[in-house]
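# Residue-level structure breakdown
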Amino acid sequence: MSKTYTKREFLKMMGLGLAFLPFMSCFSQSSSDSEQSAEAGQKKKEGKPEEAKGSESKVSDEDILLLTRDDQRYAGFNMAFNKRIKHLPKYIAVCRTEKGVQYAIQKAKAESLKVAVKSGGHSFEGFSSNDGGMVVNVSLMKKISWLDNGEVLMQPGCLLQEIQGALFPRKRLLPSGSCGTVGIAGLTLGGGYGFFSRKYGLTCDSLLELTLVDADGNVRSTKDDKELLWACKGGGNGNFGVVTSFRFKTYDMPPTFDSYVLKFRNMNVERFASSLSAWFDVSGQLPEEAFAAYVLNGKTLTVLITAYKSIAGFADRIAPLTALADSTSPTLNADLPKAMKRYYGRKGPIYFKNASSGLYKGKDDILQMKDELFNLVAGHPGIVFQVNTLGGRIADADLENASSYPHRQLPYLGELQAYWEQESQEAGLVKAFEEIQTLFHNAGIKAHYRNYPDINFKDWEKAYYGDNYSRLQEVKRKYDKDDLFHYPQSIRV
Ligand SMILES: Cc1cc2nc3c(=O)[nH]c(=O)nc-3n(C[C@H](O)[C@H](O)[C@H](O)COP(=O)(O)OP(=O)(O)OC[C@H]3O[C@@H](n4cnc5c(N)ncnc54)[C@H](O)[C@@H]3O)c2cc1C
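Residues numbered from 1 in each chain as written. Predicted model: local features only at pLDDT ≥ 70, side-chain atom pairs only at ≥ 80, totals over all residues. Heavy atoms only, no water.

What follows deals with the overall build of the chain. On a plain count of helices and strands, the chain comes out with 18 helices and 18 strands. The long-range fraction of contacts in the chain, counting pairs at least 24 apart against all pairs at least 6 apart in sequence, stands at 74%. As displayed, the chain has an accessible area near 18800 Å², and 49% of this comes from carbon and sulfur atoms. (Helix = DSSP H or I, 4+ residues; strand = E, 2+ residues; numbered from the N terminus. Contact = heavy atoms within 4.5 Å. Areas by Shrake-Rupley, 256 points an atom, 1.4 Å probe, with all protein chains shown as cover.)

We now examine the packing of aromatic side chains. Overall, the coordinates contain 32 aromatic pairs when judged by the stated rule. Pairing Phe127 with Tyr487 gives two aromatic rings, centres 4.8 Å apart and planes at 25 degrees, and the pair type is stacked. Here Phe127, found in the loop between strand E3 (115–118) and strand E4 (134–137), pairs with Tyr487, found in the segment after helix H18 (469–479); they are 360 residues apart in sequence, far enough to count as distant. Each member of the aromatic cluster is reached from another via a ring pair, and the members are Phe81, Phe124, Tyr193, Phe352, Tyr405, Tyr419, Tyr449 and Tyr452. When the ring centre of Trp230 is taken as reference, the NZ or CZ atom of Arg471 above it lies at 3.6 Å. (Phe/Tyr/Trp six-rings, centres within 6.5 Å; stacked < 30°, edge-to-face > 60°. Lys NZ or Arg CZ within 6 Å of the ring centre and 35° of its normal.)

It is worth spelling out the side chain of Gln386 at this point. Residue placement: Gln386 occurs in strand E17 (residues 383–389). Judged by its relative accessible area of 0%, Gln386 falls in the buried class. Within the local environment of Gln386, its side chain forms a polar contact with the side chain of Asn388, the two groups lying 3.0 Å apart. Side chain to side chain, Gln386 and Gln417 meet in a polar contact 3.0 Å long. (Buried < 20%, exposed > 50% of the residue type's maximum accessible area, 1.4 Å probe, protein only. Polar contact = N/O pair within 3.5 Å; in protein donor to acceptor, adjacent residues only side chain to side chain.)

This brings us to the side chain of Glu151. Note on placement: Glu151 falls in the loop between strand E5 (144–146) and strand E6 (152–154). According to the relative accessible area criterion, Glu151 is buried, its value standing at 18%. What Glu151 contacts, discounting residues up to four positions off in sequence, is Ser145, Trp146, Leu208, Arg247, Phe248 and Lys249.

Position of Lys226 among the secondary structure elements: in helix H8 (residues 226–232). At 3.2 Å, the side chain of Lys226 forms a polar contact with the backbone oxygen of Thr222.

A few words now on the sheet that holds strand E10 (residues 242–248). What the 5 strands build is an open sheet, ordered E5-E6-E10-E8-E9; its pairing is antiparallel. Each end of this open sheet is capped by a strand with a single partner; those strands are E5 and strand E9 (219–221). Here the strands of the sheet are splayed against their neighbours by 15 degrees on average, with no regard to which way each runs. In terms of strand pairing, E5 meets E6 through 3 bridges, oriented antiparallel. Along E6, the bridge assignment pairs Ser145 with Leu153. Along the sheet, helix H5 (residues 160–167) contacts E5 and E6; its crossing angle with E5, the most-contacted strand, is approximately 30 degrees. (Pairing = 2+ DSSP bridges. Axes fitted to C-alpha atoms, helices over the stretch in contact; angles between N-to-C directions.)

Any functional reading would require information beyond the geometric quantities listed.
Written out as structure tokens, the structure reads:
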């Protein structure tokens, strides 16, 4: 039987005792850190791989550690942020260099193994691993180098908190997500949104160039193929190759950050409808520097509204919402780097199931099912329903043309979440979770964010990529004609 959490227990479990997290799914120190330390202590010669059949290049353990299941380091590198998902690849190729990645690809081809690619390890559905295949793990490739004009070159193993740690002292900003342990690679290749996206676009919109190792083991750059760059801005997760470097433009870091946390307790259906309606009305009028999240967790609603520039009359603009709330806690003019740390999250891995609950045009998409939705969320402690603002610059036509991310005209993103502590609690929560998913599906909500995937999305090609799927398949045929890079929802040849 699943445990019923008191609010205090639930907050503790969520790591929310001190601060509200706008992205409830953001909790943990990802596996990468433990991987790194496990690896650092055990850099040994016996990890040196033999040469792969068909591979011309000689590699050393400075390039790659090729781990099999009997290696004591395998378990550490096999860990993912989501404890619900378990995979057992034949090899985990922990690559430190591009040459190491090339070697791993050749080895996989020589043994006819499918390849999954892992950077930050935060895939909701474990798409960065597989059973019996090759996992190319680039989590140790963490170099960040500065170029002219505030441009920055990053390796794929960089986590968001590491990037902030490198950029903020230089007063630079890369618009991305809030959770410190998410990997820049997976985030960017599927889109990437957060507090700054309404002003600067998705993370992929700041991407100028990338390099990847394709299915033949060749190093390819988007300098030579703009179509590959288009494809990797929204459709690049584990589909065309292993990305080994990203070149981004960056922006001036705003010095301060304002946030308002509104609490609504003892929610019922009527309050759910009125608060949701007011949240959409208010968030629809916010300037691009602002962000808003609506987070229903059991019978408690938390609304977060942020802005990184002081905006005249801001308190008045959000007054229709604060008037309904039980309490409002503003934190104004906070030092921005310090404020971002409040949203990094806590140590994992954890048990959870999260998925997109759809991209919405507006409140009617949700209000049409308000009774059933509220009753399912409120009746199942551990389930969270969240809506975040997109819109603003994300909807820009030039950005739309330059990227395969297809949902720019849908300004709200829903996320359904379930968290538990014991494996025995999973079945009950997942059942309720799926009932909510059915509600959304039956209500005609069919567009989903690729970075919030779900194994049950039937028409996932259209849901993630809209009308761009067939164009993405063309790119797949060019870089991976034999479908080496494969997972349950990878782009098909
Ligand atoms: C706690 C948490 C908080 C989150 N917060 C946000 C948020 O604020 N904003 C947001 O937009 N999203 C957010 N997400 C979703 C996040 O963007 C995706 O989970 C993302 O794919 C994670 O990337 P990763 O590198 O950490 O994961 P991984 O599991 O390593 O990879 C995810 C996917 O990308 C592919 N991939 C990874 N590295 C490479 C590479 N080098 N080359 C090619 N393909 C690669 C993998 O094969 C896999 O399909 C969050 C997720 C979690 C779990």
